[in-house]
Amino acid sequence: MTIMVIDGQGGKMGKGLVEQLKKLCPEDEILAIGTNSIATAAMLKAGADAGATGENPAVVTSRTADIIVGPMGIVIADSLMGEVTPKMAVAIGQSPAKKVLIPVNRCQHFVVGCRDISMGEYVKLAVEEVLKIRRGEI
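First things first, this report covers the structure right here in the doc.

Conventions we followed
- Residues numbered from 1 in each chain as written.
- Predicted model: local features only at pLDDT ≥ 70, side-chain atom pairs only at ≥ 80, totals over all residues.
- Heavy atoms only, no water.
- Pairing = 2+ DSSP bridges.
- Helix = DSSP H or I, 4+ residues; strand = E, 2+ residues; numbered from the N terminus.
- Axes fitted to C-alpha atoms, helices over the stretch in contact; angles between N-to-C directions.
- Contact = heavy atoms within 4.5 Å.
- Parallel < 35°, antiparallel > 145°, perpendicular 65-115°, else oblique.
- Left-handed = near helix turned anticlockwise from the far one by under 90°.
- Nonpolar A, V, L, I, M, F, W, Y, C, P; charged D, E, K, R; others polar.
- Right-handed = clockwise from strand over helix to strand, strands pointing away.

Points about the sheet that holds strand E4 (residues 67-71)
Piece 1. Read across the sheet, five strands follow the order E3-E2-E1-E4-E5 without closing on themselves; strand pairing throughout is parallel. Every other strand in the sheet has two partners, leaving strand E3 (50-53) and strand E5 (98-102) as the edge strands with one partner each. Put simply, the sheet's adjacent strands are angled 20° from each other on average, direction ignored.
Piece 2. With respect to the sheet, helix H2 (residues 37-45) is in contact with strand E1 (2-7), strand E2 (29-34) and E3, its orientation differing from that of E2 by roughly 160°.
Piece 3. Of the strands in this sheet, E1, E2, E3 and E4 touch helix H3 (residues 55-64), which is tilted by about 150° from E1.

In C-alpha coordinates:
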(Lines give C-alpha, C1' and ligand atoms only; values in the text may rest on other atoms or scores of the structure.)
Protein backbone atom coordinates (compact mmCIF):
# COMPACT_ATOMS: atom_id res chain seq x y z
CA MET A 1 0.00 0.00 0.00
CA THR A 2 1.22 3.52 -0.78
CA ILE A 3 0.59 6.16 1.87
CA MET A 4 1.18 9.80 0.96
CA VAL A 5 1.87 12.04 3.94
CA ILE A 6 1.65 15.73 3.09
CA ASP A 7 2.54 18.58 5.38
CA GLY A 8 3.84 22.13 5.30
CA GLN A 9 5.21 24.80 7.60
CA GLY A 10 7.85 23.05 9.78
CA GLY A 11 6.64 19.52 9.06
CA LYS A 12 6.03 18.59 12.70
CA MET A 13 2.70 16.89 12.03
CA GLY A 14 4.06 15.03 9.01
CA LYS A 15 7.11 13.92 10.97
CA GLY A 16 4.92 12.41 13.68
CA LEU A 17 2.73 10.68 11.09
CA VAL A 18 5.71 9.18 9.26
CA GLU A 19 7.33 7.95 12.48
CA GLN A 20 4.20 6.15 13.65
CA LEU A 21 3.23 4.78 10.23
CA LYS A 22 6.72 3.38 9.58
CA LYS A 23 6.62 1.65 12.96
CA LEU A 24 3.13 0.17 12.50
CA CYS A 25 3.15 -0.40 8.71
CA PRO A 26 6.77 -1.17 7.81
CA GLU A 27 5.80 -2.97 4.60
CA ASP A 28 3.94 0.06 3.21
CA GLU A 29 5.56 2.71 1.04
CA ILE A 30 5.45 6.06 2.84
CA LEU A 31 5.86 9.04 0.50
CA ALA A 32 6.56 12.42 2.08
CA ILE A 33 5.28 15.42 0.16
CA GLY A 34 6.21 18.75 1.67
CA THR A 35 4.75 22.05 0.65
CA ASN A 36 8.22 23.37 1.46
CA SER A 37 11.69 21.85 1.78
CA ILE A 38 11.77 22.06 5.58
CA ALA A 39 8.62 19.93 5.88
CA THR A 40 9.96 17.41 3.35
CA ALA A 41 13.29 17.15 5.17
CA ALA A 42 11.55 16.57 8.53
CA MET A 43 9.47 13.72 7.09
CA LEU A 44 12.45 12.13 5.34
CA LYS A 45 14.43 12.29 8.57
CA ALA A 46 11.50 10.55 10.30
CA GLY A 47 11.88 7.60 7.92
CA ALA A 48 9.76 8.23 4.82
CA ASP A 49 10.75 6.00 1.89
CA ALA A 50 10.90 8.92 -0.53
CA GLY A 51 10.07 12.58 -0.56
CA ALA A 52 9.56 15.56 -2.80
CA THR A 53 8.59 19.19 -2.43
CA GLY A 54 5.99 21.39 -4.04
CA GLU A 55 2.95 21.48 -6.24
CA ASN A 56 3.86 19.00 -8.98
CA PRO A 57 4.92 16.18 -6.63
CA ALA A 58 1.67 16.63 -4.70
CA VAL A 59 -0.37 16.46 -7.91
CA VAL A 60 1.50 13.47 -9.35
CA THR A 61 1.65 11.45 -6.13
CA SER A 62 -2.03 11.99 -5.35
CA ARG A 63 -2.88 10.09 -8.57
CA THR A 64 -1.43 6.80 -7.34
CA ALA A 65 -1.54 6.94 -3.54
CA ASP A 66 -3.88 4.55 -1.76
CA ILE A 67 -4.17 6.76 1.33
CA ILE A 68 -3.42 10.48 1.75
CA VAL A 69 -2.83 11.81 5.26
CA GLY A 70 -2.32 15.40 6.35
CA PRO A 71 -3.87 18.52 7.82
CA MET A 72 -7.36 19.45 6.69
CA GLY A 73 -5.94 22.38 4.76
CA ILE A 74 -4.48 20.14 2.05
CA VAL A 75 -7.89 20.16 0.36
CA ILE A 76 -8.43 23.93 0.75
CA ALA A 77 -6.79 26.23 -1.79
CA ASP A 78 -4.38 28.81 -0.35
CA SER A 79 -4.33 27.22 3.11
CA LEU A 80 -1.22 26.60 5.23
CA MET A 81 -0.46 30.31 4.80
CA GLY A 82 -0.64 29.99 1.02
CA GLU A 83 1.51 26.85 0.73
CA VAL A 84 -1.35 24.77 -0.70
CA THR A 85 -2.02 25.93 -4.24
CA PRO A 86 -5.44 25.59 -5.87
CA LYS A 87 -4.01 22.92 -8.19
CA MET A 88 -2.76 20.88 -5.21
CA ALA A 89 -6.07 21.12 -3.36
CA VAL A 90 -8.03 19.99 -6.42
CA ALA A 91 -5.67 17.10 -7.18
CA ILE A 92 -5.80 15.82 -3.61
CA GLY A 93 -9.55 16.33 -3.37
CA GLN A 94 -10.17 14.48 -6.65
CA SER A 95 -7.73 11.68 -5.88
CA PRO A 96 -9.30 8.21 -5.63
CA ALA A 97 -7.22 7.68 -2.46
CA LYS A 98 -8.86 7.51 0.94
CA LYS A 99 -8.09 10.74 2.78
CA VAL A 100 -7.38 11.06 6.49
CA LEU A 101 -7.58 14.76 7.34
CA ILE A 102 -6.44 16.17 10.66
CA PRO A 103 -8.50 19.16 11.84
CA VAL A 104 -6.47 22.27 12.49
CA ASN A 105 -8.24 25.48 13.47
CA ARG A 106 -5.91 27.95 11.74
CA CYS A 107 -5.73 30.23 8.73
CA GLN A 108 -9.39 31.26 8.95
CA HIS A 109 -10.61 27.61 8.81
CA PHE A 110 -12.57 26.37 11.79
CA VAL A 111 -13.90 22.86 12.21
CA VAL A 112 -17.05 22.83 14.32
CA GLY A 113 -16.86 20.13 16.95
CA CYS A 114 -13.08 19.93 16.73
CA ARG A 115 -11.77 18.72 20.06
CA ASP A 116 -9.17 20.66 21.99
CA ILE A 117 -6.44 18.00 22.06
CA SER A 118 -2.74 18.08 21.32
CA MET A 119 -1.23 17.67 17.87
CA GLY A 120 0.33 14.41 19.06
CA GLU A 121 -3.10 13.05 19.97
CA TYR A 122 -4.48 14.06 16.56
CA VAL A 123 -1.56 12.30 14.88
CA LYS A 124 -2.31 9.15 16.90
CA LEU A 125 -5.99 9.29 15.90
CA ALA A 126 -5.06 9.77 12.24
CA VAL A 127 -2.75 6.75 12.33
CA GLU A 128 -5.56 4.68 13.86
CA GLU A 129 -7.80 5.66 10.92
CA VAL A 130 -5.09 4.65 8.44
CA LEU A 131 -4.86 1.25 10.14
CA LYS A 132 -8.66 0.82 9.85
CA ILE A 133 -8.46 1.60 6.12
CA ARG A 134 -5.63 -0.91 5.67
CA ARG A 135 -7.73 -3.59 7.42
CA GLY A 136 -10.71 -2.82 5.18
CA GLU A 137 -12.87 -1.54 8.05
CA ILE A 138 -13.51 1.76 6.28
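More follows now that the structure is in view.
Points about the packing of H3 against helix H4 (residues 86-94)
Piece 1. One can describe the packing of H3 onto H4 by two numbers: an axis separation of 9 Å at closest approach and a directional angle of 10°. Classified by the angle their axes make, H3 and H4 are roughly parallel. When the axes of H3 and H4 are compared, the crossing they make is left-handed. Of H4, the residues touching H3 (which contributes Glu 55, Ala 58, Val 59 and Ser 62) are Lys 87, Met 88, Ala 91 and Ile 92.
Piece 2. Here the residues of the contact of H3 with H4 sort into five nonpolar, one polar and two charged.

Some thoughts on the pairing of E5
Piece 1. Examined bridge by bridge, E4 and E5 share five bridges and lie parallel to one another. By the bridge assignment for E5, Ile 67 is matched with Lys 98.
Piece 2. Remark: the E4/H4/E5 crossover connection has right-handed handedness.

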